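Letter by letter, the chains look like this.
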Protein chains: 2
Amino acid sequence: MRSYGQYCSVAKALDVVGDRWTLLIIRELLVRGACRYTDLKNGLPGIATNLLADRIRELEAAGLVSREEAPPPVATTLIRLTEAGQELDPVVQALGRWGIRYMAEPAEGDAFCSQWFTFPVEVFLRDRDPDAPPATIELRTAADPAVIEVSGGSVRVRVGSVSAPDLVISGRPQPILGLLTGHLSVPEVTALGVEVSGDHRVLRRVLPDPAGQALS
Amino acid sequence: MRSYGQYCSVAKALDVVGDRWTLLIIRELLVRGACRYTDLKNGLPGIATNLLADRIRELEAAGLVSREEAPPPVATTLIRLTEAGQELDPVVQALGRWGIRYMAEPAEGDAFCSQWFTFPVEVFLRDRDPDAPPATIELRTAADPAVIEVSGGSVRVRVGSVSAPDLVISGRPQPILGLLTGHLSVPEVTALGVEVSGDHRVLRRVLPDPAGQALS
DNA sequence: CGGCATCCTCTTTGATACTG
DNA sequence: CAGTATCAAAGAGGATGCCG
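This one's a predicted model, so the numbers in the text were calculated from it and none came from an experiment.

This part covers the domain arrangement of chain A. Residues and elements named next belong to chain A. Split into domains, chain A comes out as domain 1 (9–102) and domain 2 (114–213). Relative to domain 2, the C-alpha centre of domain 1 lies at a distance of 26 Å. Tallying the contact residues gives 10 residues for domain 1 and eight residues for domain 2. Around 900 Å² of area is buried between domain 1 and domain 2 when both sides are counted, 68% of it from carbon and sulfur atoms. Linking domain 1 to domain 2 there are zero salt bridges. On inspection of domain 1 and its partner domain 2, the count reaches three residue pairs in polar contact (both at pLDDT 80 or more). Going through the elements one at a time, α2 (22–32) and α6 (89–99) are the ones with two or more residues in the side of domain 1 that touches domain 2. A total of four residues in the side of domain 1 that touches domain 2 trace back to one element, the largest contributor, which is α2. Looking at the side of domain 1 that touches domain 2, its residues break down into four nonpolar, two polar and four charged.

Structure follows, in structure tokens:
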């Protein structure tokens, strides 16, 4: 990217990460951890392959990501964030919080990946009963399933499945997001075609107060 | 900007503010408050005038800025952030903090504007003696002067001058920044051509601890 | 398959000149 | 002061090809 040529830390930051797609690549590496080239490509629907290759090279040159040869069983190169790259977390978080205002719209034709549930969950969900035994919620959309793990005061999301989830939420991403952010209640999302089956008390455990009350 | 087409709040945020120059326009409006077109142009050295006009229109359409006709004495239109625009402050702050790592380099040929002192000051300076009377530090570089106002527990920066500053710091932006961030001491910046004249105790009042000790 | 490189088209930008 | 007009250069997007 062409430098802004301004002696200001905001401009300097954007000199490095202000290019199109760059912060979304960082987002993927933050929520997924180390990735293969193909994982990145799948998590960034719409990116041109040459552009992804270019950006990874630029990020590597800037010291924000590094490549690592995985040992024989996997035998591929993994791309991971360096410490400087990880320190972009507050930037991506701030963007993710600010952008939540645009998630209410239907998003016709938008792509969706289950790891993107991470942002709303980190912002809105809390483990309000840290001493209770660990619990899991499985999220099932058209994309891969994701699991919310609630345990000892922390709430985490990861891509994947679990053998016996306490609660399963299936449906379109948008109403599920409405439920997780506390904007919609269980009856409301059910009316929107979302299926919520299992132990509803887990929801009360993680949802913020006003929504937790309105669950019924 | 072409949409990323991803149902993710980070991507949605970048759909709106991810264009080149856009976040720097927000930066100017955050640190300067309402601005005329020309003020923005001066605070964004390097931007093409048509691009600035385009971006302002886009930001207006997105509801992040609004235009306001100033009353007769000024008789010009002011551009100001809406509430949604102001809420980008955490994003710009996070970028500004992350970008500080690139401010150590000499920045040969970079432009500088005095309002950009705002970011390091907000990050690094504190009023450690809130009950002391208000104090002011004037910063003089090749650009317009700026004033750091220390009063009642808060530290602010504004463009402009003051009649009788308690302390005056003159020189190149880079070593002055080193002083304000606590990376350089007064003797060190003096050796780099910075002149510090007045009541040095004001510096002890605002600088963080380790540097405050190392002033002598 | 995973991991790119090439080629081509289209859009965005940067620089400068000009106007109400 | 507050933009618009013009045009060349750079960058993005999309398709396809190559190689271990």
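For α2(A), the buried fraction is high: nine of the 11 residues fall into the buried class. Looking only at α2(A), the buried set comprises A:Thr22, A:Leu23, A:Leu24, A:Ile25, A:Ile26, A:Arg27, A:Glu28, A:Leu29 and A:Val31.

Grouped together as the largest cluster of nonpolar side chains are 126 residues, with contacts concentrated most on A:Ile148 and B:Ile148. Non-local contacts of B:Ile148, meaning those with residues more than four positions away in its chain, are made with B:Val121, B:Leu125, B:Ala135, B:Thr136, B:Ile137, B:Leu139, B:Val155, B:Arg156, B:Val157 and B:Leu180.

Listed as interface residues are 52 residues of chain A and, on the opposing side, 52 residues of chain B. Summed over both sides, the interface of chain A with chain B buries roughly 4500 Å², with 66% coming from carbon and sulfur. Connecting chain A to chain B are four salt bridges. Where chain A touches chain B, the interface holds 22 residue pairs in polar contact (both at pLDDT 80 or more). Within the side of chain A that touches chain B, the residues separate by chemical class into 35 nonpolar, nine polar and eight charged.

Our focus in this paragraph is the protein's contact with DNA strand D. Inspection of the region around DNA strand D gives 19 residues, with A:Arg20, A:Arg55, B:Thr38, B:Thr49 and B:Thr76 positioned closest. One of the side-chain N or O atoms of A:Arg20 is found 2.6 Å from a phosphate oxygen in DNA strand D. In this structure, a phosphate oxygen belonging to DNA strand D sits 3.1 Å away from a side-chain N or O atom of B:Arg57. Only α4 (49–61) of chain A together with α3 (37–43) and α4 (49–61) of chain B provide two or more residues apiece to the surface near DNA strand D. No other element matches the four residues that α4(B) contributes to the surface near DNA strand D. Among the residues making up the surface near DNA strand D, the classes are represented as five nonpolar, seven polar and seven charged.

Once that is clear, we can look at the relation of the copies chain A and chain B. Overlay of chain A on chain B (RMSD 0.0 Å): rotation 180°, translation along the axis 0.0 Å. Here the symmetry operator amounts to a two-fold rotation axis. The position closest to the rotation axis in chain A is occupied by the C-alpha of A:Val91, lying 3.0 Å away. Comparing interface residues between copies, 100% of those in chain A also lie at the interface in chain B; the contact surface is shared.

Now for the side chain of A:Arg27. All names here are of chain A. Checked against the element boundaries, Arg27 lands in helix α2. With a relative accessible area of 0%, Arg27 lands in the buried category. One polar contact links the side chain of Arg27 to the main-chain carbonyl oxygen of Gly43, over a distance of 3.2 Å.

The next point concerns the side chain of A:Arg205. Residue and element names in this part refer to chain A. Inspection of the secondary structure assignment puts Arg205 in helix α10 (residues 201–206). Assessed through its relative accessible area of 10%, Arg205 is described here as buried. Of note is the side chain of Arg205, whose polar atom sits 3.3 Å from the backbone oxygen of Asp129. When near neighbours in sequence (up to four residues on either side) are disregarded, Arg205 contacts Arg126, Asp127, Arg128, Asp129, Ala132, Pro133, Pro134, Ala135, Val150, Ser151 and Gly152.

Take the packing of helix α2 (residues 22–32) of chain B against helix α6 (residues 89–99) of chain B next. Residue and element names in this part refer to chain B. At their nearest, the axes of α2 and α6 sit 10 Å apart, and the two run at 105° to each other. When the axis of α2 is compared with that of α6, the two are roughly perpendicular. Facing Leu23, Ile26, Arg27 and Leu30 of α2, the residues of α6 in contact are Asp89, Val91, Val92 and Leu95. Its residues assigned to classes, the contact of α2 with α6 shows six nonpolar, no polar and two charged.

Bringing the pairing of strand β6 (residues 167–170) of chain B into the picture now. Residue and element names in this part refer to chain B. In this sheet, β6 lies alongside strand β3 (residues 135–140) in parallel orientation, the contact comprising four bridges. Pairing of Arg140 across the sheet is with Ser170, part of β6. In this sheet, strand β7 (residues 195–198) lies alongside β6 in antiparallel orientation, the contact comprising four bridges. Its bridge partner being in β7, Ile169 is matched across the sheet by Val196.

With that out of the way, let us pick up the pattern of salt bridges. Applying the stated criterion across every chain, the model contains 24 salt bridges over all chains. A salt bridge links B:Asp110 to A:Lys12; the nearest nitrogen and oxygen atoms lie 2.5 Å apart. Within this pair, whereas B:Asp110 is found in the loop between α6 and α7 (118–124), its partner A:Lys12 is found in helix α1 (residues 9–17), the two belonging to separate chains. Residue class for A:Lys12 comes out buried when judged on its relative accessible area of 12%.

Cut-offs applied
- Residues numbered from 1 in each chain as written.
- Chains lettered and ligands numbered in written order.
- Predicted model: local features only at pLDDT ≥ 70, side-chain atom pairs only at ≥ 80, totals over all residues.
- Heavy atoms only, no water.
- Domains from an automatic or database assignment.
- Contact = heavy atoms within 4.5 Å.
- Buried area = accessible area lost by both parts, 1.4 Å probe.
- Salt bridge = Lys/Arg side-chain N within 4 Å of Asp/Glu carboxyl O.
- Polar contact = N/O pair within 3.5 Å; in protein donor to acceptor, adjacent residues only side chain to side chain.
- Helix = DSSP H or I, 4+ residues; strand = E, 2+ residues; numbered from the N terminus.
- Nonpolar A, V, L, I, M, F, W, Y, C, P; charged D, E, K, R; others polar.
- Buried < 20%, exposed > 50% of the residue type's maximum accessible area, 1.4 Å probe, protein only.
- Core = buried A, V, L, I, M, F, W, Y, C linked by side-chain atoms within 4.5 Å.
- Near = heavy atom within 4 Å.
- Least-squares fit on C-alpha atoms with pLDDT ≥ 70 in both.
- Axes fitted to C-alpha atoms, helices over the stretch in contact; angles between N-to-C directions.
- Parallel < 35°, antiparallel > 145°, perpendicular 65-115°, else oblique.
- Pairing = 2+ DSSP bridges.

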